[in-house]
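Chain by chain, the residues:
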Protein chains: 2
Amino acid sequence: MSDKIYRVNMKDLSYKIEDVPEEWKGLGGRGLTSTIVATEVDPECHPLGPNNKLVFAPGLLSGTIAANSGRNSCGAKSPLTGGIKESNVGGTSAGIFAKLGIKALIIEGIPEDDSTFYHIHITKEHIEIHPIPELIGKGNYEVVDYMMDKYNKKVAIMSIGRPGEMKMLISNISVKDPQGKLRSHGRGGMGAVMGSKKIKVITVDAEKYKEAHIADPEKFKEANKVFTKALKENPISGEGLPAFGTNVLVNIINEAGGLPTRNFKYGNFDHAEDICGETMAENIKERGGKTTHGCHAGCVIQCSQVYPDKEGKYLTSGFEYEMIWAFGANLGITDLDLIAKIDHLMDDMGVDAIETGVTLSLATETDLIEYGDGERAYEILKYEVNRGTPTGRIVGSGAGNLGKLYGLVRVPVVKNQGIPAYEPRAIKGQGVTYATTPMGADHTSGYAVATNILNSGGYIDPLKKEGQLELSRNLQIASAAVDSTGMCIFVAFPALDDPKCLPALIDMINARFGINLTADDVTSLGENIIKIEREFNKKAGLTNVDDRLPEFMKYEKLPPHNVVWDFTGEELDSVWSYLDEK
Amino acid sequence: MSDKIYRVNMKDLSYKIEDVPEEWKGLGGRGLTSTIVATEVDPECHPLGPNNKLVFAPGLLSGTIAANSGRNSCGAKSPLTGGIKESNVGGTSAGIFAKLGIKALIIEGIPEDDSTFYHIHITKEHIEIHPIPELIGKGNYEVVDYMMDKYNKKVAIMSIGRPGEMKMLISNISVKDPQGKLRSHGRGGMGAVMGSKKIKVITVDAEKYKEAHIADPEKFKEANKVFTKALKENPISGEGLPAFGTNVLVNIINEAGGLPTRNFKYGNFDHAEDICGETMAENIKERGGKTTHGCHAGCVIQCSQVYPDKEGKYLTSGFEYEMIWAFGANLGITDLDLIAKIDHLMDDMGVDAIETGVTLSLATETDLIEYGDGERAYEILKYEVNRGTPTGRIVGSGAGNLGKLYGLVRVPVVKNQGIPAYEPRAIKGQGVTYATTPMGADHTSGYAVATNILNSGGYIDPLKKEGQLELSRNLQIASAAVDSTGMCIFVAFPALDDPKCLPALIDMINARFGINLTADDVTSLGENIIKIEREFNKKAGLTNVDDRLPEFMKYEKLPPHNVVWDFTGEELDSVWSYLDEK
């Protein structure tokens, strides 16, 4: 049976199941969410008003046995950036959407009675929408437990915490992973959009349904073998990530002088040793946790982990480099266990670790918190943000807005979104991505760290300008395509270095749908997605001036290399000028 | 002796006195500040960073005996709107600048030692810059008294209060009036720019200097007579404004259904009677205050007043319609004495009455304050904003930012600046001005209320779209020119209706400089100013999407006329499209 579009209107709590329009049939993940948002959402609308839409779409390969294909995309006009947003996630939702034949879920409107929050429950070609007052104000873990009890352990669960209910811009959408823990559609304030539509939780039950339909199962199986082998044999996806998680990066980026420290004042951190992946792995082993763990079924990289406290009790999982950097080097917490405790709290609250960490680090330039005061950070989150006090509202609004309230100049944001864990002055290819991706400062949109630091796809000196514009452009195009397949971004490492990897991935897509894509088609797909997204942003009022890093990085030298951000506006504009004119 | 450019660099506390470049010679007021900002400020710079500049320039006729010529312009890149800003003020500074031969004062840079605040003292071709720690944290009234004691009663004083020191976006720059009371460069966060440069107060001493030089004194005197007569004979500038102050408007706008009430939910206010100009005038007469008072020497309109409390003790002066509307109808305070008390407090703090009032009214949609709670409003200002608490920072950041923190949709701002006291849905010409002026929502940029409501310059039905685009465009062009002369905006009323008024004004400019401007030249001047400002804004990243009213006004009907904002984007873009292409 063919896939369908599931459409919910929160204004009158109605729904429709629609055929997939011809022009959307070849799309999935980011390609589909961005196309739907660009087609159906007025770019001038208020992102938290009745005319924005919240769209979910699994990747093209989600729901199959393909390794690492479990990413689900979420799209909307972002209340944080004011532009189009796609934020993708692991967990179980992508596979379940795909198995049920949900090509995309589109949520429109705002309830006329906004005095409560709602639960949307989706089964095969049927949707129930009803108030769920008993979950208002609850954390994500309680919501997940409640829904697993109500339905079954395998039901897909997507929910928001209190900050999302309060439409805070740091709020994300949490998604249950295979063990009932959480992953997040992290960036861009997607939780606030869900909150504006008064939706506390969405569940999708596909228990009775198997894998998504495959047109040529034999060819698919064959290609998946080659693809899986490439993933496992690559030194990064096959060794570094499984051994130390993404947190393997602390020492690497610190040594490169590109670990943003003390609100982007320095490029390395004296206490990197205390928070690095090696220390983390040691703690986990000593305490009986798990160093490897997959965020979704079918993951062969297993970069996630289960991190216990000193007594061996569960503390957190999905303990990522970005989180550890944000609260470690940038905010100054040197106690990894405290960072883990904050990580768990933030999962429960449903707030983006990057935006929250960047905001708190920036707040060390105000009287709200001092650098290194982890207890205060925990308190602010638990007792201020989660309760919506004035201080909580300030921190909950993200770094850009906090900067405006306090008249700060050293505000590390692009398109009002906080800059992640790689210093753009010292890893210039990554800076080009932050500036020019339609998403606002986002490392996954074009991970130039790969070639600037990890020698993946060759090597381009991170401190020099040469080659960075092209590198970022090519990675952004490839990432847009990968984000449409449902594949985890880490497939990029073997894809850049193993000539068999990308053809195998394309073979799987062809075998799944019985089509004949080529590598050129994939490039065109990526380019087309970025073109659509840039056009939306332009209509929403963003310009080339938004494709810039913060001004202070142009005149403030970053130790230890004492480098500034030296790309001109014209150079940055050249990244996409050919595409805009197409 | 010819006029000079006075230039201060706060980075090294140095100054220069420069000749006026040829191309600036014919400019004054807004025409000059906008030209200087557009020429010298990088449009992409951070408005509170080292690369913004703060520029002051008196009008072309300031410092002469011309009636109502005492307006001084202040320009910068606005930290509130992100675009270019001109904000002009009465008080004594314009005349003193002109008498001393200061064509413009340009302040650049930020001190390397930012641990203190500075005092800039200007005399003829000499500037002193030194720390003034004893005034840090003081209110404007204390600063004014201090400086009058230190120098003399006539010294020009321009200062910021605590919110300006804290770089809050609602902060303004206060200017001493002839009686030692205060007027303000109100809008756009100019106080934050002054605060970012660590300047607490600027004084200008011109005691020994007379009137500005006049090329043809006889012709000037003659023209001024005609001009003054026109001002005095006009029913608005000659009768309504002197009798009731600008607050004459409460009843008029309320009856038109265009008085924004309860955060722009309604177009009229049940308690208008309690706060209207007639009630105000009655109170003043009963209590022995003054119904008429000029904000600057040479004013023949005298729309200001001195408002005493029930015991006859001074409460406030310069008690304007905009202020009374903001805290009255829009925030719900019905006690005019309490509004007066808040007005005085805000003068002392140095915050913009419109932005502050719009922000507090919007805050009635949160848990910060309830509609009608004037005591709470006073408390928030005095104990939160003035102390920089988290609540104070939120309110101090203006309506647009407060809206972002609380996820609000009904946020009445254009270019992030609060909409003033005329409902754009019910007074559509004014709405066109709010949307399309480069200044952000600002009533003085093109006061269509004149022709929509006051039958000045003809009549155009405020509820209909016909004729509004042209009306607003013509008024915006005329206002840009008037804002360059140093004239108060109220000269617009006789200028629109008395055929002798505008030629007399032009004659005065010609007599002052010995030149031969025509009415067409004045139109060209106005057009050119707007063109320069729009070009700056474009380079700063603003687009036609910023030339829009808030989306909620398009779908929420405003009682009592049940009207929505129904201009399309294309229609609004047509206002300046011919100019952008020139």
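### Description of the domain arrangement of chain A
Residues and elements named next belong to chain A. For chain A, the assigned domains are domain 1 (4-204) and domain 2 (243-423). Relative to domain 2, the C-alpha centre of domain 1 lies at a distance of 25 Å. Elements supplying a minimum of two residues to the side of domain 1 that touches domain 2: α3 (140-150), α4 (162-165) and β11 (182-185). Tallied by class, the residues present in the side of domain 1 that touches domain 2 amount to 13 nonpolar, 21 polar and 5 charged.

### Focus: the interface of chain B and chain A
Contact residues are listed per partner, giving 30 residues for chain B and 30 residues for chain A. Counting residues per element, the ones that place at least two in the side of chain B that touches chain A are α5 (190-196), α15 (390-396) and α16 (399-405) of chain B. For the side of chain B that touches chain A, the element with the highest residue contribution is α15(B), accounting for 4 residues. Here the side of chain B that touches chain A is built from residues that sort into 14 nonpolar, 9 polar and 7 charged.

### Considering the sheet that holds strand β10 (residues 173-176) of chain B
All names here are of chain B. If you walk across this open sheet you meet the 6 strands as β8-β7-β12-β9-β10-β11, and the pairing is mixed. The sheet terminates laterally at β8 (126-131) and β11 (182-185), the two strands that pair on one side only. Ignoring which end each strand starts from, the neighbouring axes of this sheet average 20° apart. Examined bridge by bridge, strand β9 (residues 156-159) and β10 share 2 bridges and lie antiparallel to one another. By the bridge assignment for β10, serine 159 is matched with serine 174. Docked against the sheet, helix α2 (residues 93-100) engages β9, β10 and β12 (199-204), running at close to 60° with respect to β12. This element, helix α3 (residues 140-150), spans β9, β10, β11 and β12 of the sheet and lies at about 150° to β9.

### Digging into helix α17 (residues 428-436) of chain B
Residue and element names in this part refer to chain B. Of all 9 residues that make up α17, 9 are buried, and the element is covered over most of its length. Residues of α17 that are buried: Lys428, Gly429, Gln430, Gly431, Val432, Thr433, Tyr434, Ala435 and Thr436. If you follow the buried residues of α17, they end up packed against β16 (413-414), α18 (449-452), α19 (468-485) and α24 (569-573).

### Notes on the environment of A:Gly26
Take A:Gly26: it is sitting in the loop between β2 (14-19) and α1 (29-40). The sequence separation of A:Gly26 and A:Asn544 amounts to 518 residues, and the corresponding C-alpha distance is 31 Å.

### Side note on the relation of the copies chain B and chain A
Between chain B and chain A, which share one sequence, the superposing operator has a rotation angle of 180° and an axial displacement of 0.0 Å; the RMSD is 0.0 Å. Both copies are brought into coincidence by an operation consistent with a two-fold rotation axis. It is B:Pro390 whose C-alpha, among those of chain B, lies nearest the rotation axis, at 2.8 Å. Interface residue correspondence from chain B to chain A reaches 100%, placing this contact among same-surface, isologous pairings.

### Re the pairing of strand β6 (residues 102-108) of chain A
Residue and element names in this part refer to chain A. Summarising burial for β6: 6 of the 7 residues are buried, a large majority. As defined by bridge partners, strand β1 (residues 4-9) adjoins β6 across 6 bridges and the pair is classed as parallel. Directly across from tyrosine 6, in β6, lies its bridge partner leucine 105.

### Things to note about the sheet that holds strand β14 (residues 304-308) of chain B
All names here are of chain B. Spatially, 3 strands are ordered β13-β14-β15 in an open sheet, and the strand pairing comes out antiparallel. Among the strands making up the open sheet, the edge pair consists of β13 (290-293) and β15 (314-317). Averaged over all pairs of adjacent strands, the angle between their axes in this sheet comes to 25°, without regard to strand direction. Here β13 runs beside β14; their pairing, made up of 2 bridges, is antiparallel. Counted as the bridge partner of histidine 293 is serine 304 from β14. Taken strand by strand, helix α12 (residues 336-349) contacts β14 and β15, and its axis lies near 70° from that of β15.

### Observations regarding the packing of α1(A) against helix α19 (residues 468-485) of chain A
For any two helices packed against each other, one specifies the inter-axial angle together with the distance between the axes. Residue and element names in this part refer to chain A. Running from amino to carboxyl end, α1 crosses α19 at an angle of 95°, the nearest separation of the two axes being 4 Å. As the angle between them shows, α1 and α19 are arranged roughly perpendicular. Between α1, through Gly29, Arg30 and Gly31, and α19, the contact on the second element is made entirely by Ala480, Asp483, Ser484 and Thr485. Class assignment of the residues belonging to the contact of α1 with α19 gives a composition of 1 nonpolar, 4 polar and 2 charged.

### Observations regarding the packing of α12(B) against helix α14 (residues 374-385) of chain B
Residue and element names in this part refer to chain B. Contact geometry for α12 and α14: axes closest at 10 Å, N-to-C directions at 15°. Judged on the interaxial angle alone, α14 and α12 are roughly parallel. Helix-helix and strand crossings are classified by hand; for α12 and α14 the assignment is left-handed. Note on element contacts: α14 touches α12 through Gly374, Ala377, Tyr378, Leu381, Lys382 and Val385, opposite Leu338, Lys341, Ile342, Leu345, Met346 and Met349.

Each value, and the rule that gives it
- Residues numbered from 1 in each chain as written.
- Chains lettered and ligands numbered in written order.
- Predicted model: local features only at pLDDT ≥ 70, side-chain atom pairs only at ≥ 80, totals over all residues.
- Domains from an automatic or database assignment.
- Helix = DSSP H or I, 4+ residues; strand = E, 2+ residues; numbered from the N terminus.
- Nonpolar A, V, L, I, M, F, W, Y, C, P; charged D, E, K, R; others polar.
- Contact = placed C-beta atoms within 7 Å.
- Pairing = 2+ DSSP bridges.
- Axes fitted to C-alpha atoms, helices over the stretch in contact; angles between N-to-C directions.
- Buried ≥ 20, exposed ≤ 12 C-beta atoms within 10 Å, placed from the backbone.
- Least-squares fit on C-alpha atoms with pLDDT ≥ 70 in both.
- Parallel < 35°, antiparallel > 145°, perpendicular 65-115°, else oblique.
- Left-handed = near helix turned anticlockwise from the far one by under 90°.

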